[in-house]
Every structure is written in structure tokens, then in C-alpha cells.
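So the chains spell out like this:
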Amino acid sequence: MLPAGVSDLRKLLEDKQSSVDKKTSLVLFTLQDILNSVSLGPDPAGLVALKRGLYQARVLDLCVEVLKMDHGQAEGGWNRATQLAHVLSSCCVGVEPDRDPGAFHRLLLPSVMDSLLSLAIQLMKRSGGGSEFYRLFRKVLDSVGWLLRYYKHLTTHVLLSLQYERLQMCDDVTISLECVSLWIHVCTASRDFLSGLSEDSVMLLLNDAVGQLAVSSDAAVGRAAVQLVLLIASQLEAHLKHLLHRFRGLDHLLNKDWRGRGFNQEVDQLITLLHSDRHTRSHVHSQLCSERVQAVCVIQAAWRAHRTRKRIKTLHRAVRGLQNRYRARMRQREQQEETLRWEEELSYQVCVRRQRARREFHQKQRHLLHLLPPDQVQSFLSALECSAAVTIQRFWRGHRDRKRYNTLQHTHTPLHTHTQHQAASTLQRAVLCFLKKRRSLKSPPTSSFWIGQEGLTDSRRAELKTQVEEYISLHPSSVVSEETCKELHDQTKRLLLQLLQSREEKRRGESHSQAVLAQINSQLELLSSDPTHLEELEAEFGGLFVEGGAC
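Residues numbered from 1 in each chain as written. Predicted model: local features only at pLDDT ≥ 70, side-chain atom pairs only at ≥ 80, totals over all residues. Heavy atoms only, no water.

## A look at the overall build of the protein
Part 1 of the argument: Looking only at helices and strands, one finds 23 helices and 0 strands in the protein.
Part 2 of the argument: Relative to its 551 residues, the protein shows a buried fraction of 28%.
Part 3 of the argument: A separation of at least 24 residues holds for 74% of the contacts in the protein among residues at least 6 apart in sequence.
Part 4 of the argument: Total accessible area on the protein is roughly 38100 Å²; 56% of this is exposed by carbon and sulfur atoms. (Helix = DSSP H or I, 4+ residues; strand = E, 2+ residues; numbered from the N terminus. Buried < 20%, exposed > 50% of the residue type's maximum accessible area, 1.4 Å probe, protein only. Contact = heavy atoms within 4.5 Å. Areas by Shrake-Rupley, 256 points an atom, 1.4 Å probe, with all protein chains shown as cover.)

Printed below as a string of C-alpha cells:
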């Protein structure tokens, strides 16, 4: 059965209307009163039962939440927060939950430790305000050490937490000294503290101490860090040598930076510890190096042999692959050339068809223009000129706006450009619909460009048309009939065929004559170059051939 004050304390902690300062004061006073009344009682087991009851009633969880609040608004708030942290750490020590003890060790204790470290960081930020904050900071670290001595598994949590990392990065010498002193007090208070830690936790602790030796230049901090390393060595003995071997160059750092600073005995002791097993380590290291070199040579030889065999096997594949790629490239080039030829032919055909369609369209327009009455030609040409001017203006304005849009496009963001494009599309769609409606309302559709003779009026055109009709009636056409045209056409074809045949016969005769003359000239050249044959011919023909050839 819990004391009556525990329920009142829980109600006070759950009250969200009261201020932080008031809640902290009342909680601290009530909790101290309950602890004092139970600790002075005749039954020593009552204190353990009280702590268990506080945990089960979630009073400790609520105290952690109160501890994380800002206590700097009221005077003396940090002092009360520090006292509450001390009381909270005391309540966590010795708790033995009846049910679910894993939740107590995995959830509550890490949250308590985080709240204590957060409070220490807030006090560290205000440490420039006087020695009072240093005293409160030291008291909070005492509460942390009190928890670490009883719950060793929190060591890894503390060393890996971001709050403790911020404490390590502080430039204040006093803060760094207090952090190192915390671990010295914890290791000194319990001789089996380090033996219960894992190798990773001990390595983190050594990293903290060696990091202070490498970063800090204060003699007090350096002495405390050396004492911490020696203390760890005295408790772990031979097991520490294996860990210290990872810190290469630590002996040179001690000789260079920390010798002659007032604690040479501790420095020499640590250097001796580092050099105690150097000879054995060097021999083992050299043996391991030789074995590694031999293993590397074997691996390299096997790998090179495998790579050479693989290269020989894949050589014909590479050649075949090169041939395939070359043939594929040639086929692709031929396809590209063929596609280019087809595109050129297509463009030529399209151009020819467009020209033919334009010519036929103009002829049709001319024929339609002849069919119009004379008094409507001027109005039709005016409407045609107006439509042509509107079309030219429309295309010019579109070209100008597109050019202006392209020149200014790089100055806008992609979102703005997309918005402008959508707006332009909407405007163009609306204007095109409007123009389509306007064109549908007009009488005849707009025709192609046909500019007539300027200066003629409708009355003058009607007068000229009357004169043309009168002239045609007075002077009838002398055009022959269709049968006569066909006969003349056939006669012309026959005459043309005879002319072509005579030209072909004449050309063949001239070609034959030139061939005969070339043969005679070649024979004369042969006779002139061979005197013996010439004499025989002269004797045979009596000099006639030679004289004729000479002639």
C-alpha cells in the first residue's frame, strides 16, 4: 500500500495549469517529504517498496518530463532542478520492479540519463554566469555517476549520446575536467565496474580519455586523463594492452606535449605500459606481414593466370563482336542513306504536287473570275485584297510574338514558362474560334491571290465587254475543225519522222566514211614504216599504189 502523498504527487505532476517553477518546487518538496518519512521508519524494506510504487505509478516518468522543462525563468529554478535531478537519481537506484523489469532498464533509465545530461548541457551554456553554475553542474554529474555505478549498461548509452558529445566539445577547461573526473570517481568507487563492461564500452571510454590528451592543453585535464587510463589499466591489466595497441603514436604524444607539466611520474608509467610488449608485438607483426605478403603473391599469381586464360578464351568472341558491330554500323549507315534518299524524294514529290495544285488552283480562280459579272469584279478584288492583308498581318504577328517569346524564354522559371504556354494556347484557341465564326458569316470564302488591272471601274468593264462581243460578232473566228486539226497533226508527224530517218541515215554514212578513212590512214602508216613491204607492193602494182598513196 503506497503512502497517501504519492497519489497527490501524481495529480500535481499531471496538472498542466501550474507554472514550471511552482510545479518543480511542489514536486521537490512533496517527494523529499515522502522519502524522509519512509526512510526514518522502522522497516528498511519500505524504502524499496516506495521506489517500486513510484515507478509503477509513473511518478518517475512524470518527474523526467518536468526535468526537461526550462527552469531559467524564475530565480533559483536551476537550483531546484538540480535538487530534483539528485532526488530522481536516488529514486531510480535500488528499484526492483515486480513486472516487466526490462522496460525499466531499457526505457526509464535511458530517459532519466538523457534528462540529466540535458540539464548538464543547459548549465554548461550558463557557466559563464559565475561559480554557482559550476557547482550545480558538478552536482548533476554526481547524479549521473550515482546511476552509472549501479547500472553499468548505461555506460555505452552515455558515451554514445549526443548530449555527452556536446559536453566533450566544450572549450571550457572546468567542464572537460569534470567530465574526466566523473569516470575516475565511477571507476574508483567500484573495483568491478570496468570488468562488467564490454570491450566496445571500454574502447569508447579510452577514446574519450585519449581524445582529451590530444585536444586539451590544460595540465589538470591532461593529468586527469592520464590517471583515468592508468586506472583502467590497473583494473583490466593484460586485457588493456590489446586495446592500447590501437592507439599508435600515443607514446610520442605523451613525450612531446605532456612531459614536464608536473606529472611526469604518471606519464612515464603510461609510456612504460605502452612499451612493455613492443618487442613481442613487432615480432608477431613482422611474421604476420611476411605471411600476408606471401598470401598476396599467391592470390595475384592465381588471378593473373585466370585473367590470361579468360582473355584467350574470349579473344575470338571479341573479334566476332567487332565484326558484328562493324557490320551493324554499316547497315545502319546504309539505312540512314536510304532513309535520306526517300526523304529527299518525298520532299521533291511534295513540292511538285504543291506547285501543280497551286497552278491548277490559280487556273480555276482565273476561270471563275471570268465568270463573274463585270460590276462585281471590283468588289471581289477589294475583298480579296483585304483578306490577303489580314492573312499577312496574322502570320507576321504570330512570327513576331513567337520570336519575342523564344528570346525571353530563358529569363523565366520553368513554372512561369509553363503557365505562359498554357495561357497562350488558351488565347490562340479562343481567337481561332472567333475568326472561324467570322469567316463563316462572310458570303464567299477567301480565294487565292488574284490582283486584277488597276484603274478600271465596273462601268468601264461593262463597256469593254460590250465592245468585245460586238467585235467577235463582226469578225467570226477562222478556226478549222477538229478533223482538219487531226489530219494536219498526222501529216506533221509523218514529215517529222521522215526528217529524223534521213538524219539517221546521213549520220550512219558519215560514220562509215570516217571509219574507212581511219583504216586507210593506219595502213599507210604501216607501209611507210616497213620499206620491204613497200617495195613488194610497188613491184606488184608497178608503183601505182605507192604513187596514189603519195598523192
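Picking up after the structure, the text goes on.
## Topic: the packing of helix α11 (residues 199–215) against helix α12 (residues 219–236)
Part 1 of the argument: Where α11 meets α12, the closest approach of the two axes is 8 Å, and the angle between their N-to-C directions is 150°. Judged on the interaxial angle alone, α12 and α11 are roughly antiparallel. Seen from above, α11 lies across α12 with left-handed handedness. Along the contact surface, α11 presents Val202, Leu205, Leu206, Ala209, Gln212 and Leu213, while α12 presents Val221, Gly222, Ala225, Val226, Leu228, Val229, Ile232 and Leu236.
Part 2 of the argument: The residue inventory of the contact of α11 with α12, partitioned by class, reads 12 nonpolar, 2 polar and no charged. (Axes fitted to C-alpha atoms, helices over the stretch in contact; angles between N-to-C directions. Parallel < 35°, antiparallel > 145°, perpendicular 65-115°, else oblique. Left-handed = near helix turned anticlockwise from the far one by under 90°. Nonpolar A, V, L, I, M, F, W, Y, C, P; charged D, E, K, R; others polar.)

## Quick word on the environment of Arg166
Part 1 of the argument: Checked against the element boundaries, Arg166 lands in helix α9 (residues 162–168).
Part 2 of the argument: When the C-alpha atoms of Arg166 and Ser118 are compared, they prove to be 10.0 Å apart, with 48 residues separating the residues in sequence.
Part 3 of the argument: If near-sequence neighbours (up to four positions away) are discounted, Arg166 is found in contact with Ile121, Met124 and Lys125.

## Brief notes about the packing of helix α10 (residues 173–189) against α11
Part 1 of the argument: Direction vectors running N to C along α10 and α11 enclose 140°, while the axes themselves pass 11 Å from each other. By the angle class used here, α10 and α11 are oblique. The interaxial crossing formed by α10 with α11 has left-handed handedness. Across the interface between the two elements, Ser176, Val180, Trp183 and Cys187 from α10 touch Leu205, Asp208 and Gln212 from α11.
Part 2 of the argument: For the contact of α10 with α11, a count of residues per class yields 4 nonpolar, 2 polar and 1 charged.

## Topic: a nonpolar patch on the surface
Part 1 of the argument: A cluster of nonpolar side chains, Val516, Leu517, Ile520 and Leu524, forms an exposed patch at the surface whose accessible area comes to about 310 Å².
Part 2 of the argument: Tracing the backbone through its elements, the reader meets Val516 in helix α21 (residues 482–529). (Patch = residues over 30% accessible without salt bridge, like charges linked within 9 Å, V, L, I, M, F, W, Y side chains within 5 Å. Salt bridge = Lys/Arg side-chain N within 4 Å of Asp/Glu carboxyl O.)

## Side note on the pattern of salt bridges
Part 1 of the argument: Throughout the structure, instances matching the rule amount to 7 salt bridges.
Part 2 of the argument: With its nearest N and O atoms 3.5 Å apart, the salt bridge here joins Glu463 to Arg460. Separated by 3 residues within a single helix, Glu463 and Arg460 lie in helix α20 (residues 458–474), roughly one turn from each other.
Part 3 of the argument: According to the relative accessible area criterion, Glu463 is partly exposed, its value standing at 40%.
Part 4 of the argument: Classification of Arg460 as partly exposed rests on a relative accessible area of 35%.
Part 5 of the argument: Residues joined by salt bridges that share partners form a network here, namely Glu504, Arg507 and Arg508.

## As for the state of the cysteines
Part 1 of the argument: The tally for this structure, following the rule as stated, stands at 0 disulfides.
Part 2 of the argument: Not part of a disulfide, Cys170 finds its nearest cysteine sulfur in Cys179, a span of 8.1 Å. (Disulfide = S-S within 2.5 Å.)

## Some words on α10
Part 1 of the argument: Taking 1.5 Å as the rise per residue, α10 with 17 residues should run 24 Å; its terminal C-alpha atoms sit 24 Å apart, in good agreement.
Part 2 of the argument: Along α10, the residues classified as buried are Ile175, Ser176, Glu178, Cys179, Val180, Ser181, Leu182, Trp183, Ile184, Val186 and Cys187.
Part 3 of the argument: Residues of α10 that are buried sit in contact with α6 (101–125), α7 (131–150), α8 (154–160), α9, α11 and α12.
Part 4 of the argument: A side-chain oxygen of the first residue of α10 lies 3.2 Å from the backbone nitrogen of Thr174; this N-cap is Asp172. (Expected span 1.5 Å × (residues − 1). Polar contact = N/O pair within 3.5 Å; in protein donor to acceptor, adjacent residues only side chain to side chain.)

## Points about the side chain of Asp208
Part 1 of the argument: Tracing the backbone shows Asp208 in helix α11.
Part 2 of the argument: The buried charged residue Asp208 lacks any salt bridge partner; its closest oppositely charged side chain belongs to Arg166, at an N-O distance of 15 Å.
Part 3 of the argument: Within the structure, the side chain of Asp208 is placed 2.5 Å from the side chain of Tyr164, a separation counted as a polar contact.
Part 4 of the argument: Beyond its immediate sequence surroundings of up to four residues, Asp208 is in contact with Tyr164, Gln168 and Trp183. (Lys, Arg positive; Asp, Glu negative; His and termini not counted.)

## With respect to the packing of aromatic side chains
Part 1 of the argument: This structure, assessed with the given rule, holds 2 aromatic pairs.
Part 2 of the argument: A centroid spacing of 6.2 Å and a plane angle of 85° characterise the contact between Tyr164 and Trp183, whose relative ring orientation is edge-to-face. Of this pair, Tyr164 sits in helix α9 while Trp183 is found in helix α10, placing the two residues 19 residues apart along the sequence. Assigned by exposure class, Tyr164 and Trp183 land together as buried. (Phe/Tyr/Trp six-rings, centres within 6.5 Å; stacked < 30°, edge-to-face > 60°.)

## Looking at the nonpolar core
Part 1 of the argument: Within the largest apolar cluster, 90 residues are counted, with the highest numbers of intra-cluster contacts made by Leu147, Trp183 and Leu254.
Part 2 of the argument: Element by element, the count of residues in this core is highest for α6, at 13 residues.
Part 3 of the argument: Not counting residues within four places of it along the chain, the set of residues in contact with Leu147 comprises Ser89, Cys92, Val93, Val112, Met113, Leu116 and Leu154. (Core = buried A, V, L, I, M, F, W, Y, C linked by side-chain atoms within 4.5 Å.)

## Some points on the side chain of Ser216
Part 1 of the argument: Structurally, the position occupied by Ser216 is in the loop between α11 and α12.
Part 2 of the argument: Exposure remark for Ser216: the relative accessible area of 17% places this residue in the buried category.
Part 3 of the argument: Here the side chain of Ser216 touches Asp218 through a polar contact of 3.3 Å, landing on its backbone nitrogen.
Part 4 of the argument: Every residue in contact with Ser216, bar those within four places of it in the chain, is listed here: Val221 and Trp258.

## Re the environment of Leu369
Part 1 of the argument: Inspection of the secondary structure assignment puts Leu369 in helix α17 (residues 315–371).
Part 2 of the argument: The spatial distance from the C-alpha of Leu369 to the C-alpha of Phe380 is 9.1 Å, given a sequence separation of 11 residues.

## With respect to a negative patch on the surface
Part 1 of the argument: Taken together, the side chains of Glu482, Glu483, Glu487 and Asp490 present a region of like negative charge at the surface.
Part 2 of the argument: Position of Glu482 relative to the elements: it lies in helix α21.
Part 3 of the argument: Taking the relative accessible area as the measure of exposure, Glu482 reaches 55% and is therefore exposed. (Charge placed at Lys NZ, Arg CZ, Asp CG, Glu CD.)

## Notes on the confidence of the model for the protein
Part 1 of the argument: For the protein, the mean per-residue pLDDT works out to 78, and 80% of the residues sit at or above 70.
Part 2 of the argument: This stretch, residues 445–453, has a pLDDT under 50; its non-local contacts, to residues over four places away or in other chains, come to 18 contacts. (pLDDT = per-residue confidence, 0-100.)

## Regarding a positive patch on the surface
Part 1 of the argument: On the surface, a cluster of positive charge is contributed by Arg394, Lys436, Arg438, Arg439 and Lys442.
Part 2 of the argument: At 3 residues, the largest contribution of residues to the positive patch is made by helix α19 (residues 414–441).
Part 3 of the argument: By secondary structure assignment, the location of Arg439 is in helix α19.

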